[in-house]
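Remarks on the overall topology
Chain by chain, the residues:
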Amino acid sequence: MKTRNELYNGEGAELLRFITTYHTLLYEQVLRLFPKNRDSIKSLITNLVKQGRIIHDKENDLLCDTAESASNPDYGMIAAFWVLLDFKKAVVYHTSGDFPIKLNFFSKDEWYEILYIPLEQEYLINHVMESQTKSDAKRLVVLESEEQAAKIHITGVIAFCLVDSSTGSVVKLILDVILISL
């Protein structure tokens, strides 16, 4: 008889790492991380929920690591994660970032940071980013509206993005350089 680990090829540990790293992700985002094994991942999620290792907020279709994450989801992280999924094929490694950076990812020899800027927080984020040490990272900035782009003065920005939260589609508004070819 096969063990759960053999059945899921170690995907359980990877799935738990993603949820505990990002705290709250949409169910669909998690499924897109494992596109070849959607049915087995759904089964794995069900088992992890039954074991109490993750929380599935069915009303909002969120997978969370704690009750606190479920009651106060970080929609900025969810939007940033949609951008990450746009680059999934080229991503070597990804992890969460420190405010105001939502997440970091690496592709080949390139380092990328994804920032999320809520409405009316443009000047705060500009100031915070100005006070940080210089970074070699290429920055992707997720905005809530196209008008915010004119207010952002952060170095290293290669694209401003808008995310359609209902579909997860990402629109890149401004590109200074050619991004990773997908």
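One structure accompanies this document, and this report is about it. All values derive from a computational prediction rather than experimental measurement. (Residues numbered from 1 in each chain as written. Predicted model: local features only at pLDDT ≥ 70, side-chain atom pairs only at ≥ 80, totals over all residues. Heavy atoms only, no water.)

**Describing the sheet that holds strand E3 (residues 62-64)**
Spatially, the three strands line up as an open sheet ordered E1-E3-E2, and their pairing is antiparallel. In this open sheet, the two edge strands, each paired with only one partner strand, are strand E1 (24-26) and strand E2 (55-57). The sheet shows a mean angle of 25 degrees between the axes of neighbouring strands, taken without regard to direction. On the sheet, helix H2 (residues 11-22) packs against E1 and E3 and is oriented at approximately 115 degrees with respect to E1. (Pairing = 2+ DSSP bridges. Helix = DSSP H or I, 4+ residues; strand = E, 2+ residues; numbered from the N terminus. Axes fitted to C-alpha atoms, helices over the stretch in contact; angles between N-to-C directions. Contact = heavy atoms within 4.5 Å.)

**A few points about the pattern of salt bridges**
Opposite charge on two side chains allows them to pair when their charged atoms are near. If you walk through the whole model with that rule in mind, you get five salt bridges. Taking the shortest distance from any N to any O, the salt bridge between Glu28 and Arg38 comes out at 3.1 Å. Here the residue Glu28 occupies a position in helix H3 (residues 27-33), and Arg38 occupies one in helix H4 (residues 38-50), the gap between them amounting to ten residues. Measuring nitrogen to oxygen at the nearest pair gives 2.6 Å for the salt bridge that ties Arg139 to Glu113. Of this pair, Arg139 sits in strand E7 (residues 138-143) while Glu113 sits in strand E6 (residues 110-117); the two residues are 26 residues apart in sequence, bridging distant segments of the chain. Taking relative accessible area as the criterion, Arg139 reaches 4% and is therefore assigned buried. Given the relative accessible area of 4%, Glu113 is considered buried. Among the charged side chains, a salt-bridge network with shared partners connects Glu28, Arg32 and Arg38. (Salt bridge = Lys/Arg side-chain N within 4 Å of Asp/Glu carboxyl O. Buried < 20%, exposed > 50% of the residue type's maximum accessible area, 1.4 Å probe, protein only.)

**Section: the packing of H2 against H4**
Put simply, H2 and H4 touch, their axes get as near as 11 Å, and they point 70 degrees apart. The angle between H2 and H4 places the two elements in the roughly perpendicular class. H2 and H4 meet at a crossing whose hand is right-handed. Every residue of H4 that contacts H2 at Glu11, Gly12, Leu15 and Leu16 is listed here: Ser40, Ile41, Leu44, Ile45 and Leu48. (Parallel < 35°, antiparallel > 145°, perpendicular 65-115°, else oblique. Left-handed = near helix turned anticlockwise from the far one by under 90°.)

**As for helix H6 (residues 75-86)**
The end-to-end C-alpha separation of H6 is 17 Å, in line with the 16 Å expected for twelve residues at 1.5 Å each. Where H6 is concerned, the buried positions are Gly76, Met77, Ile78, Ala79, Ala80, Phe81, Trp82, Val83, Leu84 and Leu85. Where H6 begins, the capping side chain belongs to Asp74, and its oxygen is found 3.0 Å from the backbone nitrogen of Gly76. (Expected span 1.5 Å × (residues − 1). Polar contact = N/O pair within 3.5 Å; in protein donor to acceptor, adjacent residues only side chain to side chain.)

**So, the layout of surface pockets**
The calculated volume of the largest pocket comes to roughly 220 Å³. What lines the largest pocket is simply Leu26, Tyr75, Ile78, Ala79, Trp82, Tyr116, Val142, Leu143, Glu144, Val163 and Ser165. Of all elements in the fold, only H6 and E7 reach the threshold of two or more residues within the lining of the largest pocket. With four residues, H6 is the largest single contributor of residues to the lining of the largest pocket. Residues that form the lining of the largest pocket fall into these classes: nine nonpolar, one polar and one charged. A volume near 160 Å³ is recorded for the second largest pocket. Looking at the lining of the second largest pocket, the elements that each hand over two or more residues are H2 and H6. (1 Å grid on protein atoms, 1.4 Å probe; cavity = no way out; pocket = protein on both sides within 12 Å on 5 of 7 lines; lining within 4 Å. Points joined across faces, edges and corners; volume = space filled by probe spheres on them. Nonpolar A, V, L, I, M, F, W, Y, C, P; charged D, E, K, R; others polar.)

**A short note on the pairing of strand E8 (residues 157-163)**
Here E8 lies mainly inside the structure; six of its seven residues are buried. Pairing geometry for E7 and E8, over five bridges, is parallel. Bridged to Val142 within E8 is Cys161.

**Structural notes on a nonpolar patch on the surface**
A surface patch of nonpolar side chains, amounting to about 290 Å² of accessible area, comprises Val92, Tyr93 and Phe106. The residue Val92 is located in the loop between H6 and strand E4 (93-96) in this model. (Patch = residues over 30% accessible without salt bridge, like charges linked within 9 Å, V, L, I, M, F, W, Y side chains within 5 Å. Areas by Shrake-Rupley, 256 points an atom, 1.4 Å probe, with all protein chains shown as cover.)

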